[in-house]
Amino acid sequence: MAEDAKDAPAAPAAGEPAKPGVPAPATPAAAATPKATPAKAAAPAKAPVPAATDAASEPLVVALAAAVPGAVVSAKKMASQTTIGIAPGKLVEACRHLKDKETFTFLVDLTAVDWKERDPRFDVVYWLHSFDRGNERVRLRVGIKDEQACPTVAGVWETANWMEREVFDLFGISFEGHPDLRRILTWDGFQGHPLRKDFPVEGIDTGAAIYPDRYPEGGGPAPDDKNRKTVS
Amino acid sequence: MSEFVGTVGAVPEAGDTMLGLREMELNFGPQHPSTHGVLRIVLKVDGERIVSARPDIGYLHRGTEKLFETETYPMVIPHTDRLDYVAAATNNHAYVLVVEKLLGLEIPKRAQYIRVVLDEMQRISSHLLWLATAAIDLGAITPFFYTFREREVILDLFEDYCGARLTLNCMRVGGLEEELTPGWIERLRAFTEDLGGKIDEYEELLTENRIWKDRTIGVGILKTDRCIAWGVTGPPLRASGLAWDIRRAIPYECYPELDFEIPTGKNADTYDRYLVRIAELRQSRRILLQCCDWLTANPTGEIRGKVPRVIKPPAGEAYASVESPKGELGFYLVSNGGNRPYRLRVRPPSFINLQALPEMARGHMVSDLVAIIGTIDIVLGEVDR
């Protein structure tokens, strides 16, 4: 993936979503026009290109900041979806508050994003739904350093169990307090975490499953082993 | 369960058990015919009764989300076909929706209606496949022949429209690639009008069938609050009594203009989930008839909006979801402004619904597990991605 260099991530600062216009060379049209797009163009009605705006004054964000002091790090809105940056230490408390007091009883999705060169390296992203607030949804985002454990929310929403296992498996982020933190999609002796940006797309030949007499149990060849090969 | 092929490894354990017998660990799958793919469930049984069921997944993991990151935005669409491979149109739809959301695109009305037609045909074909296999798992083989008769017509219509029967690759960012072929709408209307009577035929075979009712009523109960706790969406959630459907809750395309109801159950068991899916077949039929009317009245028009030649959404993130036949299917897209997704996450309804299996199966007989796996309606391509 040598050509990846030109798409190299313009990693946004911690707890802050990427801003349009930061990777200026990559998006000539999109970055230049968010404000200039005329709402009533001659062409078929065209919505303006979404841009991230500040959402710190939204009632939900204000209420959360007041109820759990120190939890809210940032708040952005893009494509009419609100993202609240949460401090890792306050995550479980904030989630409990949102579930119990703000009726976000349904955790729709939980995933992670690897920003490779940024510090903290990972974003763990939560997407909450409230039936009682007219199907309102809100996204939480927590910055997690490499090797740092993220607090588990499996005690708040049971459905987080498998989703956190998946993030653990594919990104290598461990979840502190998780009841059953095992790999879920790859097999138990697998080495590496496939969705990390430094994991080769061609995959690795772990060998261990196929040749148990040749490779140690639970592990494949080391990175400098001549038996290690990539597929393409 | 004479066809049972799981391997048996006796694990004696101390302690009280329900029948005063020893608990046994039993591998159900991964090659069992009723698991609909390669799903392994590690069972602890006490006699015939399930003490615990632990799904073991990942046999079909292909690293789809990693592959997404190597493809340009249009090249991602065929990969989405292969997630829930019996409902490719809804997969395509959820993906193009999220890219359109990040680009801020409006798509032409005619394209919206054709998308809804494809979605609803896909819902019917997916539910028909579910009905066929769920019934066959419980020993009723006849519905299979009936439902595949109708599914074949839908697949033929798909083939006429886009050349593929399963992996449709039929939607594009900003609209659609192909206009409908001549006479297609008339064929669809003829099929749809007939479908009502065909659904009656399925119901005649099953709804009041005593064996079917014995095997499904009271089996695998999952009440609304438990559904929400486990994140379960789609027919299992509606069968528990909550009328929640993305098409109404967070509408997309032209669904607000269409007249349809959200069927619900009340007992939250396997039988109610069956009734809900049957009712959804009828509602999809209603939607298709309305779309046929609209498309006949508006026979021409744009099917693709103004889309940049190279699709490069602005840096940022968005989530969009559709009501797939299995539940809420969502895509979460993180863009860095390049021409490929920086991160594209699938919110797979099958994966998340499967997580509730241990709770649904606990205390039931091993043979009921077959009914419960069937009733969740999983597709392993989507579970494992």
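**Student:** It is not clear to me how the overall build of chain B should be interpreted in this structure. Could you clarify?
**Tutor:** Check the secondary structure of chain B and you find 15 helices and nine strands. In terms of overall dimensions, chain B is globule-like: its C-alpha atoms have a radius of gyration of 21 Å, near the 21 Å expected for 385 residues. By principal-axis analysis of the C-alpha atoms, chain B measures approximately 70 × 50 × 35 Å. For chain B, long-range pairs separated by at least 24 residues make up 70% of all intrachain contacts whose partners lie at least 6 apart in sequence.

**Student:** I'm lost on the overall build of chain A in this one. Help?
**Tutor:** What chain A contains, in helices and strands, is four helices and eight strands. Within chain A, the proportion of its 232 residues that are buried is 39%. Considering only intrachain contacts with a sequence separation of at least 6, the fraction spanning at least 24 residues in chain A is 47%.

**Student:** Where do I start with the sheet that holds strand S3 (residues 81-86) of chain A in this structure?
**Tutor:** By definition, the strands of a sheet pair up through backbone hydrogen bonds, in either a parallel or an antiparallel sense. All names here are of chain A. The strand order across the open sheet built from six strands is S1-S2-S3-S6-S5-S4, with neighbouring strands paired in mixed fashion. Strands at the two margins of the open sheet, each flanked by one partner only, are strand S1 (53-54) and strand S4 (106-114). Where S3 lies against strand S6 (residues 136-144), four bridges are found, and the strand directions are parallel. The residue bridging Ile 84 from the neighbouring strand is Leu 140, located in S6.

**Student:** Before we go on, may I ask you to explain helix H4 (residues 109-137) of chain B in this structure?
**Tutor:** Three- or four-residue spacings in an α-helix give side chains the same orientation, since the helix completes a turn every 3.6 residues. Its 29 residues give H4(B) an end-to-end C-alpha distance of 42 Å, which sits within 8% of 42 Å, the value for a rise of 1.5 Å per residue. Of all 29 residues in H4(B), 26 are buried; the element is thus mostly enclosed.

**Student:** Whenever I open this one, the domain arrangement of chain B confuses me. Can you help?
**Tutor:** A common way to report how large an interface is uses the accessible area buried once the components associate. When cut into domains, chain B gives domain 1 (8-56) and domain 2 (104-310). Computed from C-alpha atoms alone, the centre-to-centre distance between domain 1 of chain B and domain 2 of chain B is 35 Å.

**Student:** What exactly am I supposed to notice about the nonpolar core here?
**Tutor:** All names here are of chain B. Ranked by size, the top nonpolar core spans 164 residues in total, and within it Val 98 and Val 99 carry the most contacts. No other element matches H4, which puts 15 residues into this core. Sequence-distant contacts of Val 98, that is, excluding residues within four places in its chain, are made with Ala 318, Tyr 319, Ala 320, Phe 331 and Leu 333.

**Student:** Help me understand the packing of H4(B) against helix H11 (residues 270-297) of chain B, please; the structure alone is not making it clear to me.
**Tutor:** What describes two packed helices is the angle between their axes and the distance between those same axes. All names here are of chain B. In contact at an axis separation of 9 Å, H4 and H11 are set at 155° when each is read in the N-to-C sense. Viewed along their axes, H4 and H11 adopt a mutual orientation that is roughly antiparallel. Note on packing geometry: the crossing formed by H4 with H11 is left-handed. Across from Tyr 113, Val 116, Val 117, Glu 120, Met 121, Arg 123, Ile 124, His 127, Trp 130 and Leu 131 in H4, the residues of H11 making contact are Arg 277, Glu 280, Leu 281, Ser 284, Ile 287, Leu 288, Cys 291, Trp 294 and Leu 295. Residues of the contact of H4 with H11, tallied by class, amount to 13 nonpolar, two polar and four charged.

**Student:** Can you walk me through the sheet that holds strand S7 (residues 316-324) of chain B in this structure?
**Tutor:** All names here are of chain B. As summarised here, the arrangement of the three strands in space is S7-S8-S9, forming an open sheet in which the pairing is antiparallel. In this open sheet, the two strands that pair with only one neighbour each are S7 and strand S9 (343-347). Each adjacent strand pair in this sheet contributes to an overall mean axis angle of 15°, direction not counted. Taken together, the nine bridges between S7 and strand S8 (residues 327-335) define a ladder with antiparallel strand orientation. Bridging across to S8, Gly 316 finds its partner in Ser 335. In the packing of helix H3 (residues 88-103) onto the sheet, contacts are made with S7 and S8, and the angle to S7 comes to roughly 150°.

**Student:** Any chance you could explain the confidence of the model for chain A here in plain terms?
**Tutor:** Fine structural detail should not be taken from predicted coordinates in areas where pLDDT scores are low. In the predicted model, chain A carries a mean pLDDT of 74, and the fraction of residues at 70 or more is 67%. Low pLDDT (under 50) marks residues 1-46 of chain A, which in the prediction has 89 contacts with non-local residues, meaning those over four places away or in another chain.

**Student:** Whenever I open this one, the packing of H4(B) against helix H14 (residues 366-376) of chain B confuses me. Can you help?
**Tutor:** Residue and element names in this part refer to chain B. Interhelical geometry of H4 versus H14 gives an angle of 175° and a closest axis separation of 9 Å. Considering the angle they form, H4 stands roughly antiparallel to H14. Between H4 and H14, the residues in contact are Thr 133, Ala 134 and Asp 137 and Val 370, Ala 371, Gly 374 and Thr 375, respectively. Looking at the contact of H4 with H14, its residues break down into three nonpolar, three polar and one charged.

**Student:** Can you help me understand unusual backbone geometry in this one?
**Tutor:** Negative phi values dominate among residues other than glycine, just as trans dominates among peptide bonds. Here Asp119(A) and Pro120(A) are connected by a cis peptide whose omega angle stands at -5°. With respect to the element layout, Pro120(A) can be found in the loop between S4 and strand S5 (122-130). With a phi close to 60°, Thr103(A) is a non-glycine residue in the positive phi region. As for its placement among the helices and strands, Thr103(A) is situated in the loop between helix H3 (91-100) and S4. In this structure, Ala268(B) is a non-glycine residue whose phi angle is positive, near 60°. With respect to the helices and strands, Ala268(B) occurs in the loop between helix H10 (246-249) and H11.

**Student:** Explain the environment of Arg110(B) here, please?
**Tutor:** Residue and element names in this part refer to chain B. Within the secondary structure, Arg 110 is located in helix H4. The spacing of Arg 110 and Val 310 is 200 residues in sequence and 23 Å in space, taken between C-alpha atoms. Excluding residues within four positions of it along the chain, Arg 110 makes contact with Asn 298, Gly 301, Glu 302 and Ile 303.

**Student:** Can you help me understand the environment of Leu39(B) in this one?
**Tutor:** Residue and element names in this part refer to chain B. Looking at the element boundaries, Leu 39 is found in the loop between strand S2 (23-28) and strand S3 (40-46). The class for Leu 39 is buried, based on 25 C-beta atoms found within 10 Å. With 16 residues separating them along the chain, Leu 39 and Pro 55 place their C-alpha atoms 7.2 Å apart.

**Student:** Teacher, can you tell me more about the pairing of strand S2 (residues 72-78) of chain A here?
**Tutor:** Where a strand is regular, its side chains alternate between the two sheet faces. All names here are of chain A. Judged by how many residues are buried, S2 sits mostly within the fold: five of seven residues are covered. Both S1 and S2 contribute to a ladder of two bridges, which runs antiparallel. In the sheet register, Thr 53 faces S2, and the bridge partner there is Lys 77. Judged from the six bridges that link them, S2 and S3 form a sheet pairing that is antiparallel. In the strand pairing of S3, Lys 76 is matched with Thr 83. A loop of two residues connects S2 with S3, the two strands running antiparallel in sequence, and Ala 79 in this loop sits at a positive phi of about 50°.

Rules of the game
- Residues numbered from 1 in each chain as written.
- Chains lettered and ligands numbered in written order.
- Predicted model: local features only at pLDDT ≥ 70, side-chain atom pairs only at ≥ 80, totals over all residues.
- Helix = DSSP H or I, 4+ residues; strand = E, 2+ residues; numbered from the N terminus.
- Rg over C-alpha atoms; globule rule 2.2 N^0.38 Å.
- Contact = placed C-beta atoms within 7 Å.
- Buried ≥ 20, exposed ≤ 12 C-beta atoms within 10 Å, placed from the backbone.
- Pairing = 2+ DSSP bridges.
- Expected span 1.5 Å × (residues − 1).
- Domains from an automatic or database assignment.
- Core = buried A, V, L, I, M, F, W, Y, C linked by C-beta atoms within 7 Å.
- Axes fitted to C-alpha atoms, helices over the stretch in contact; angles between N-to-C directions.
- Parallel < 35°, antiparallel > 145°, perpendicular 65-115°, else oblique.
- Left-handed = near helix turned anticlockwise from the far one by under 90°.
- Nonpolar A, V, L, I, M, F, W, Y, C, P; charged D, E, K, R; others polar.
- pLDDT = per-residue confidence, 0-100.

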